[in-house]
Structure formats: C-alpha cells, structure tokens
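Geometric and topological summary
Read off the chains here:
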Amino acid sequence: MKIFVMRHGDAHLAASSDMQRPLSPIGESEAAHATAWLREFYFAEHPNIDYAMVSPYLRTKQTLTKITEQFTVTRTEYTRDIIPSASAAIAHDYMDTVLSLHPEINSVLLVAHMPFVSYFVESLTQLTPPLFATASIAVIEYDKSLSKGYILEHKQAYFT
C-alpha cells in the first residue's frame, strides 16, 4: 500500500492564531500543482484516496480542498494527532490501528505540518527525516504487516 505524506501549501504569516493561518495565493497554486502531480503519477486511472488524515488547522483543510477538486477521498479524519507539536510515534500507532480495523484501505494521504511530516516519515521508514518544502509529498511504500515502509519518491513542491 502507499502512504502519501504531504505538507500543506504556503500560508500567510498573519492570523489571529497559528491554527487560523490560511493558504496564500502561492500556497493555493502549490497545492493545485502538487495535486495534479499526484494524480498524473499515482492515480491516473482511479483518482481515489481511501483514507485521509488531516490536521485541523485551516491551511491543511484548504490544502485538502484543493486535493478533493481532483480526487475522491473515501474517508477523511481531522485529527490533532498530527498538528505541528504532535508525536509522530503516536500518530504512526494510530494509523496502524485504523489500517488493522479497515483492511480495505490501500492508500493513505496525510496532510500536516513541519516538523511533524519529517518525523512521521522517519517513524514510518526508520530513516533520517527528510525536510519538506511547502506542498511537498513523500510517497511511502508501506507494509502493514511490518508497520514499516520505504520512500519511493519525495517530490519537493517548487511548483510556482
């Protein structure tokens, strides 16, 4: 199965709280281009993501909105388990629990933040954590039985 770990698009710096920072116009463009790339290279025939775990922050929700313009997402969960300060190990365990309860899931999209996305990839692969530009996507080939995967590709965004 594949896990797509994505950092949200570029966001405005000013807002009433970090949780309320919206995507900037550049971030909207980055998210749209990243979505097109994802569809072209991984979902050309069947643009369906089985399960999405999304941070409840505004910019991650807006990034997911761009994705759902080109994809069907069967199940979406907004969770504080993947906010910037969350534990990647706990989120990994939680995802494994969801996967064990729903064996039909074959694709997972996680939309979150730095540094969480780096630590989450490290937790999944046991490799040095990669850095993520905004709207970047790491593609992980994941073995549910081993609770471990490896990086197939890490697409840095630079789409603007």
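As shown above, the structure is provided for reference.
Residues numbered from 1 in each chain as written. Predicted model: local features only at pLDDT ≥ 70, side-chain atom pairs only at ≥ 80, totals over all residues. Heavy atoms only, no water.

Bringing the overall build of the protein into the picture now. Check the secondary structure of the protein and you find 4 helices and 6 strands. Expected size for 160 residues packed as a compact globule is a radius of gyration near 15 Å; at 14 Å, the protein falls within 12% of this value. The buried share of the protein, taken over its 160 residues, is 49%. Accessible surface for the protein amounts to roughly 7400 Å². Of this, 53% is attributable to carbon and sulfur atoms. In the protein, which carries 12 positive and 17 negative side-chain charges, the distance between the mean positions of the two groups comes to 4 Å. (Helix = DSSP H or I, 4+ residues; strand = E, 2+ residues; numbered from the N terminus. Rg over C-alpha atoms; globule rule 2.2 N^0.38 Å. Buried < 20%, exposed > 50% of the residue type's maximum accessible area, 1.4 Å probe, protein only. Areas by Shrake-Rupley, 256 points an atom, 1.4 Å probe, with all protein chains shown as cover. Lys, Arg positive; Asp, Glu negative; His and termini not counted. Charge placed at Lys NZ, Arg CZ, Asp CG, Glu CD.)

For any two helices packed against each other, one specifies the crossing angle of their axes together with the interaxial distance. Packing of helix H3 (residues 88-101) against helix H4 (residues 116-125) leaves a shortest axis separation of 9 Å and a crossing angle of 60°. Considering the angle they form, H3 stands oblique to H4. By crossing handedness, the relation of H3 to H4 is classed as right-handed. In contact with Ala88, Ala89, Ala91, His92 and Met95 of H3, H4 contributes Phe116, Tyr119, Phe120, Ser123 and Leu124. Partitioning the contact of H3 with H4 into residue classes produces 8 nonpolar, 2 polar and no charged. (Axes fitted to C-alpha atoms, helices over the stretch in contact; angles between N-to-C directions. Parallel < 35°, antiparallel > 145°, perpendicular 65-115°, else oblique. Left-handed = near helix turned anticlockwise from the far one by under 90°. Contact = heavy atoms within 4.5 Å. Nonpolar A, V, L, I, M, F, W, Y, C, P; charged D, E, K, R; others polar.)

Below, the discussion takes up H3. Counted at 1.5 Å a residue, the expected span for H3 with its 14 residues is 20 Å, and the 20 Å between its end C-alpha atoms agrees. Taken together, the buried positions of H3 are Ala88, Ala91, His92, Met95, Asp96, Val98 and Leu99. For H3, the buried positions fall inside an angular range of 160° around the axis, keeping them on one side. Along H3, the residues that are exposed and aim more than 90 degrees away from the buried face are Ile90, Asp93, Ser100 and Leu101. Along its buried surface, H3 packs onto strand S1 (2-7), strand S2 (48-54), strand S3 (72-78), strand S4 (107-112), H4 and strand S5 (137-143). (Expected span 1.5 Å × (residues − 1). Arc of directions from axis to C-beta.)

The next thing to look at is the side chain of Arg7. Note that Arg7 resides in strand S1. Side-chain polar atoms of Arg7 contact the backbone oxygen of Phe132, separated by 2.8 Å. When sequence neighbours within four positions are dropped, the list of residues in contact with Arg7 reads Ala112, Met114, Val117, Phe132, Ala133, Thr134, Ala135 and Ser136. (Polar contact = N/O pair within 3.5 Å; in protein donor to acceptor, adjacent residues only side chain to side chain.)

This next bit is on the pairing of strand S6 (residues 148-155). The pairing of S5 with S6 spans 7 bridges and is antiparallel. For Glu141, the partnering residue across the bridge sits in S6 and is Tyr150. From the end of S5 to the start of S6, which pair antiparallel, there are 4 residues, and Ser147 there has a positive phi angle of about 55°. (Pairing = 2+ DSSP bridges.)

Looking now at the sheet that holds S6. Through backbone hydrogen bonds, the strands of a sheet pair up, either in parallel or in antiparallel fashion. Pairing in this open sheet of 6 strands is mixed, and the strands run S3-S2-S4-S1-S5-S6 from one edge to the other. Of all strands in the sheet, those with a lone pairing partner are S3 and S6, marking the two edges. Each neighbouring strand pair of the sheet contributes to a mean axis angle of 20°, computed without reference to strand direction. Along the sheet, helix H2 (residues 58-68) contacts S1, S2, S3 and S4; its crossing angle with S4, the most-contacted strand, is approximately 140°.

One finds Ile3, Val5, Met95, Leu110, Phe116 and Phe120 to be the most contacted residues of the largest nonpolar core, which totals 27 residues. Taken together, the elements giving at least two residues each to this core come down to S1, S2, H3, S4, H4 and S5. Apart from the residues within four sequence positions on either side, Ile3 is in contact with Met95, Val108, Leu124, Ala138, Val139, Ile140 and Tyr142. (Core = buried A, V, L, I, M, F, W, Y, C linked by side-chain atoms within 4.5 Å.)

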